[in-house]
Amino acid sequence: MKLTVECCLRRILNSSYHPFSVIPKPSVWPRRERIRRLTAWQYSSKRDTFKAAVRRLDKVFHYMTMQRIDEPKLERFYAFERVQTALTEHDMEYKYFRSMLDKSHILLDNITLSQLAIYEPLTFKSLVMLTKQMAIKEGIPIVKSVEQDNVLTEESLFQDPLPRARLYPKGPDSNYKTKEPRPLKLSEY
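Heads up: these notes are all about the structure in this document. Keep in mind the model is a prediction, meaning the values are calculated, not measured.

Along the backbone of the chain there are seven helices and zero strands. Buried positions account for 22% of the 189 residues belonging to the chain. Contacts spanning at least 24 positions in sequence make up 45% of the contacts within the chain whose residues lie at least 6 apart. Accessible area of the chain: about 16,100 Å², with a carbon and sulfur share of 58%.

Pasting the structure below:
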C-alpha cells in the first residue's frame, strides 16, 4: 500500500487515540505471561518475580545449549566405550579389530558398531570372528575361540585400507590472519 498524504490523514482521523497525544506502548504483560509459563515449575522468587524468573530462564537456556553442544561428543565417547566392552567380551583388542575392519573395507563407525553390539549381538559376534580370523592370518597373536575354525576368509578381504576422510575444524583459523593479495599479472589488467 502506497503511503500518501490522504492515507496519513485517514490514519490520524480514524484512530482511536487523540491525534496530538503520545500513542501508548504495547503492554508488557504478554511477555511476562510467556516467562511465567516457562518458569512456573521453579521455586520461590524465581517463580514469583519477573527479574529472577528471567535470570533463571537464561541459566536454563544456557545449560540446554551446553548440553546440546556436548551431546555428539558424549555419544561418540559412549559408543567407543560400548564397543571396547563388547570386544573384551569376545577377547579382542580394539586396535586389531579396527585395523582388520579397515583392511576389509567394512566402513562402520563406533556408533553403529555399539548399536550392533547391543541390539544384534550375533551379527557383532560374526564381525569379531571374521576380524579374529583375519588377524590370525596376519600373524597377530589373538586368543582363538572354539568357533573360529568355521570362519573362512578370502584373499579379497585383505586390501589396503581406504584413506581416512580429512576433518576440517570449524571456526576461524588459528592465527586469524589473512594472506596479502598476490601481485597482478600483466594479462590481468
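Right, picking up where we left off after that structure.
A rise of 1.5 Å per residue sets the reference length of helix H7 (residues 121-138), with its 18 residues, at 26 Å; its end C-alpha atoms lie 25 Å apart and thus fit the reference within 8%. Looking only at H7, the buried set comprises Phe124, Leu127, Val128, Met129, Leu130, Thr131, Lys132, Gln133, Met134 and Ala135. Turning to H7, the residues buried within the fold contact helix H4 (50-89), helix H5 (94-103) and helix H6 (110-119). Positive phi shows up at glycine 139, right after H7, with a value of about 95°.

Next up on the list: the nonpolar core. Residues Leu87, Phe97, Leu113 and Phe124 are the most contacted members of the largest nonpolar core, which totals 21 residues. Looking at this core, the elements with two or more residues in it are H4, H5, H6 and H7. Considering each element in turn, this core owes the most residues, six residues, to H7. Setting aside anything within four residues of it in sequence, one finds leucine 87 in contact with Met92, Glu93, Tyr94, Phe97, Phe124 and Val128.

To continue, consider H5. Of the positions making up H5, those classed as buried are Tyr94, Phe97, Arg98, Met100, Leu101 and Asp102. The secondary structure elements touched by the buried residues of H5 are H4, H6 and H7. Downstream of H5 by a residue or two, histidine 105 has a phi angle that is positive, lying close to 60°.

Together, Leu38, Phe61 and Met64 line one region of the surface with nonpolar side chains, adding up to about 290 Å² of accessible area. Here phenylalanine 61 shows up in helix H4. Judged by its relative accessible area of 41%, phenylalanine 61 falls in the partly exposed class.

Criteria and thresholds
- Residues numbered from 1 in each chain as written.
- Predicted model: local features only at pLDDT ≥ 70, side-chain atom pairs only at ≥ 80, totals over all residues.
- Heavy atoms only, no water.
- Helix = DSSP H or I, 4+ residues; strand = E, 2+ residues; numbered from the N terminus.
- Buried < 20%, exposed > 50% of the residue type's maximum accessible area, 1.4 Å probe, protein only.
- Contact = heavy atoms within 4.5 Å.
- Areas by Shrake-Rupley, 256 points an atom, 1.4 Å probe, with all protein chains shown as cover.
- Expected span 1.5 Å × (residues − 1).
- Core = buried A, V, L, I, M, F, W, Y, C linked by side-chain atoms within 4.5 Å.
- Patch = residues over 30% accessible without salt bridge, like charges linked within 9 Å, V, L, I, M, F, W, Y side chains within 5 Å.
- Salt bridge = Lys/Arg side-chain N within 4 Å of Asp/Glu carboxyl O.

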